[in-house]
Amino acid sequence: MEKNSEFHLSYSRITIYDNCPLRYKFIYVDELPTAARSYFSFGNSIHKVLELFYQPEENFITAKTPSLNYLLGLLNEHWISAGYNTEYQEKKAKDEAVQLLTKFYRETIFGFQPAYLVEKSFSFELNGFRIIGRIDRIDQGNDGYSIIDYKTNKILPYFFKKINLLQPIIYYLGAKESLGLNKINSVFMYFVRFNKKVEFNISDEMAEEGKQKILQVGKAIQCNEFSPKPGSACSTCEFKDRCASFQ
Ligand code: SF4
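A quick note: this is a predicted structure, and the numbers were derived from the prediction, not measured.

**Description of the site of the ligand**
Stage number 1. Near the ligand the following residues occur: C20, K229, P230, A233, C234, C237, C243 and F246.
Stage number 2. Within the shell around the ligand, the residues separate by chemical class into seven nonpolar, no polar and one charged.

In structure tokens:
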């Protein structure tokens, strides 16, 4: 088990375990360092910009529609450089981020509404396991709330694996059980490059299935089940040289 801090689960921990329990062990039990990756930096930069752009305090008080310059200024201020191999690579990525946000701005600004909450953390307990997470944005409508999770994928997925559905389920559970939001209409994955929202309506049955998956992973980690699972996760795994199964 993990040495320090209270043991907890999150969507990313569960996916890492589901993809390969041994890789989970390397990261969270052995606490081996993981290298910064440019695609995480890119995604985190865009997330930060959209967090500030939709921040209720900023824009409700001034009651103004924010400008494109304001949006791109946020990118300059909060751009994360870690993980790029060369200056050229970083410049190319930043140009791409400017294009992405400009397109996003032009396609969404007419319906601009500040969020109800941004980057909201949640934490709840499920049968003795602590589940934590953070929701990118929560919008309030006339008849309930919508949860929005930003995605910066380069390709629009046409299919979601069962494990991917766990993310909207965990956000739904977190919003209800930790934030006390009872009327949640939908959870959306918002693919910002395409200005496309994919909607998930979480039924009681889905929520129950999600809880069972969380418990299954939690119990396996408690029992120190860390078998390697060679497969698609290996191509991006930073621990290949430590892993006998990769050979
Ligand atoms: S190389 Fe593959 S099997 Fe080995 S730890 Fe990494 S993901 Fe798991």
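**A look at the layout of surface pockets**
Stage number 1. Here the second largest pocket defines a volume of roughly 170 Å³.
Stage number 2. For the lining of the second largest pocket, the secondary structure elements donating two or more residues are α7 (162–177) and α8 (204–222).
Stage number 3. Looking at which element gives the most residues to the lining of the second largest pocket, the answer is α7, with five residues.
Stage number 4. Class assignment of the residues belonging to the lining of the second largest pocket gives a composition of five nonpolar, one polar and three charged.

**Description of the pairing of strand β4 (residues 144–151)**
The side chains of a regular strand alternate between the sheet's two faces.
Stage number 1. The buried count for β4 comes to eight of eight residues, which makes it a mostly enclosed element.
Stage number 2. The sheet contact formed by strand β3 (residues 129–141) and β4 spans five bridges and is antiparallel. Bridge pairing in β4 links Q140 to Y145.
Stage number 3. The antiparallel pairing of β3 with β4 creates a hairpin that spans two residues between the two strands.

**With respect to the packing of aromatic side chains**
Stage number 1. Scanning the model with the defined rule gives 20 aromatic pairs in all.
Stage number 2. For the ring pair Y24 and F226, a centre distance of 6.1 Å and an interplane angle of 10° mean the geometry is stacked. Pair noted here: Y24 is in helix α2 (residues 21–29) and F226 is in the segment after α8, with a separation of 202 residues, a long-range link.
Stage number 3. The class for Y24 is buried, based on a relative accessible area of 0%.

**Details of helix α1 (residues 11–19)**
Stage number 1. Counting buried positions along α1 gives seven out of nine residues, so the element sits mostly inside the fold.
Stage number 2. For α1, the complete set of buried residues consists of Y11, R13, I14, T15, I16, Y17 and D18.
Stage number 3. Tucked into the core, α1 has its buried residues touching β1 (8–9), α2, α7 and α8.

**Remarks on the pattern of salt bridges**
Stage number 1. Considering all chains together, one arrives at 13 salt bridges under this definition.
Stage number 2. Ionic pairing is found between D18 and K213, a salt bridge with its closest N-O pair at 2.8 Å. Linking D18 in helix α1 with K213 in helix α8, this pair joins segments that are 195 residues apart in sequence.
Stage number 3. By relative accessible area, which is 21% here, K213 ends up partly exposed.
Stage number 4. Across the salt bridge formed by R193 and E96, the nearest N and O atoms sit 2.5 Å from each other. In this pair, R193 is assigned in the loop between β5 (184–191) and β6 (196–200) and E96 in helix α6 (residues 87–108), connecting sequence segments 97 residues apart.
Stage number 5. Among the residues examined, R193 registers a relative accessible area of 16% and is labelled buried.
Stage number 6. Among the residues examined, E96 registers a relative accessible area of 26% and is labelled partly exposed.
Stage number 7. Three or more residues joined by partner-sharing salt bridges are found here, namely R23, R37 and E238.

**Examining the side chain of S186**
Stage number 1. Here S186 lies in strand β5.
Stage number 2. When its relative accessible area of 5% is taken as the criterion, S186 is described as buried.
Stage number 3. Among the polar contacts listed, one links the side chain of S186 to the side chain of E199, at a separation of 2.4 Å.
Stage number 4. Other than its neighbours up to four places away in sequence, S186 contacts Y145, S146, I147, E199, F200 and N201.

Thresholds, definitions, all that
- Residues numbered from 1 in each chain as written.
- Predicted model: local features only at pLDDT ≥ 70, side-chain atom pairs only at ≥ 80, totals over all residues.
- Heavy atoms only, no water.
- Near = heavy atom within 4 Å.
- Nonpolar A, V, L, I, M, F, W, Y, C, P; charged D, E, K, R; others polar.
- 1 Å grid on protein atoms, 1.4 Å probe; cavity = no way out; pocket = protein on both sides within 12 Å on 5 of 7 lines; lining within 4 Å.
- Points joined across faces, edges and corners; volume = space filled by probe spheres on them.
- Helix = DSSP H or I, 4+ residues; strand = E, 2+ residues; numbered from the N terminus.
- Buried < 20%, exposed > 50% of the residue type's maximum accessible area, 1.4 Å probe, protein only.
- Pairing = 2+ DSSP bridges.
- Phe/Tyr/Trp six-rings, centres within 6.5 Å; stacked < 30°, edge-to-face > 60°.
- Contact = heavy atoms within 4.5 Å.
- Salt bridge = Lys/Arg side-chain N within 4 Å of Asp/Glu carboxyl O.
- Polar contact = N/O pair within 3.5 Å; in protein donor to acceptor, adjacent residues only side chain to side chain.

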